[in-house]
Amino acid sequence: MATTAQQHGHEGAKPAKRKPVFTKVDQLKPGTSGHTLVVKVVSSNTVLQKGHAASAHLRHTRIAECLLGDDTGSIVFTARNEQVDLLRSGATVILRNAKIDMFRGCMRLAVDKWGRVEVTEPADFAVNEENNLSTVEYELVNVGQE
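The notes below deal with the structure included here. (Residues numbered from 1 in each chain as written. Predicted model: local features only at pLDDT ≥ 70, side-chain atom pairs only at ≥ 80, totals over all residues. Heavy atoms only, no water.)

## Description of the packing of aromatic side chains
Note the following rule: Classification of ring pairs rests on two measures: the distance between centres of Phe, Tyr or Trp rings, Trp counted by its six-membered ring, which must be within 6.5 Å, and the angle between planes, read as stacked under 30 degrees, edge-to-face over 60 and tilted in between. Each ring is checked for a lysine NZ or an arginine CZ that lies within 6 Å of its centre and within 35 degrees of its normal; such an atom marks a charge sitting over the ring.
Counted by the stated rule, this structure contains zero aromatic pairs. Lys24 extends its terminal NZ or CZ atom over the ring of Phe125, reaching a point 6.0 Å from the ring centre. A cation sits over an aromatic face here: Lys40 above Phe125, 5.4 Å from the ring centre.

Rendered as structure tokens:
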């Protein structure tokens, strides 16, 4: 029996799904978003685990800082809630629609509700921990003011 995907596959009715353009870690810049990356998790440290917060929306907030990267560099990723479970040390993940947040003048990678974290096949690259983008401090420069 033919599945619906096969039936509609050759009619050209649906536009072909655009293959995502993967960003390498060393291409990340402050203030950018919409990145799709394949990265390996080096380490993960829980920085916040709230069990009984005063407000309901904070009650089950878990935040972990994960060092992850590819063969070009590494960066700290701020994982929230269920993302923490996916970003285990040694895991290879695809980050879809990731964005750069600034934290104390340094870049952090994050995926908000518009993006996705997917565990994928183990990558065959070694993470370049020497080039850690989260250790580079950026000064906030007002462009155009002399």
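After that view, the rundown keeps rolling.
## Re the pattern of salt bridges
What counts here: Salt bridges are identified by distance alone: a Lys or Arg side-chain nitrogen within 4 Å of an Asp or Glu carboxyl oxygen. Helix numbering and strand numbering both begin at the N terminus, where a helix is a DSSP run of H or I of at least 4 residues and a strand a DSSP run of E of at least 2. Each residue is placed in one exposure class: buried if its accessible area under a 1.4 Å probe, protein chains only, is under 20% of its type's maximum, exposed if it is over 50%, and partly exposed if it falls in between.
Inspection of every chain in the model, using the stated rule, returns six salt bridges. The partner of Lys24 in a salt bridge is Asp71, and the shortest N-O contact between them spans 3.0 Å. Remark: Asp71 occurs in the loop between β2 (62–70) and β3 (73–80) and Lys24 occurs in the loop between α1 (4–8) and β1 (33–49); sequence separation between them is 47 residues. Its relative accessible area of 32% is what places Lys24 among the partly exposed residues. Note on Asp71: relative accessible area 41%, which makes it partly exposed. Between Glu65 and Arg108 there is a salt bridge, with the nearest N and O atoms lying 2.9 Å from each other. Taken together, the residues Glu65 in strand β2 and Arg108 in strand β5 (residues 106–110) connect sequence positions 43 residues apart. The structure contains a network of salt bridges with shared partners spanning Arg96, Arg116 and Glu118.

## Points about the nonpolar core
Convention followed: Residues grouped as a nonpolar core are buried Ala, Val, Leu, Ile, Met, Phe, Trp, Tyr and Cys residues, joined through side-chain atoms within 4.5 Å. Contact definition: two residues touch when any of their heavy atoms are within 4.5 Å.
Counting residues in each nonpolar core, the largest one holds 23 residues, and the members touching the most others are Ile75, Phe77, Leu87, Leu95 and Leu109. Secondary structure elements with two or more residues in this core: β1, β2, β3, β4 (92–103) and β5. Looking at this core, the element that brings in the most residues is β4, giving four residues. The residues contacting Ile75, other than those within four sequence positions of it, are Val25, Leu28, Cys66, Leu67, Leu68, Ile100, Met107, Arg108, Leu109, Asn132, Leu133 and Ser134.

## A word on unusual backbone geometry
The phi dihedral of Asn97 is positive, around 60 degrees, even though this residue is not glycine. Mapped onto the elements, Asn97 comes out in strand β4. Since its relative accessible area comes to 32%, Asn97 is described here as partly exposed.

## Quick word on the pairing of β3
The condition is simple: Whether two strands pair comes down to DSSP finding at least two bridges between them.
Across the eight residues of β3, seven count as buried, placing the element largely inside the fold. Of the strand pairs in this sheet, β2 and β3 are connected by eight bridges, and their pairing is antiparallel. By the bridge assignment, Cys66 is partnered in β3 with Phe77. As consecutive antiparallel partners, β2 and β3 are separated by two residues. Inspection of the sheet shows β3 paired to β5 by two bridges, in the parallel sense. Along β5, the bridge assignment pairs Phe77 with Leu109.

## What to know about the environment of Arg80
Following the sequence through the fold, Arg80 ends up in strand β3. On the basis of relative accessible area, Arg80 is assigned to the partly exposed category, the value being 40%. Each C-alpha atom, one on Arg80 and one on Val111, is 8.6 Å from the other, the two residues being 31 residues apart in sequence. Apart from residues lying up to four places away in sequence, Arg80 is in contact with Arg62 and Ile63.

## A closer look at the environment of Ile63
Position of Ile63 relative to the elements: it lies in strand β2. The exposure class assigned to Ile63 is buried, which follows from its relative accessible area of 14%. Note: C-alpha distance between Ile63 and Ala79 (16 residues apart in sequence) is 5.6 Å. For Ile63, the residues in contact, after removing those within four places along its chain, are Asn45, Thr46, Val47, Leu48, Thr78, Ala79, Arg80 and Val84.

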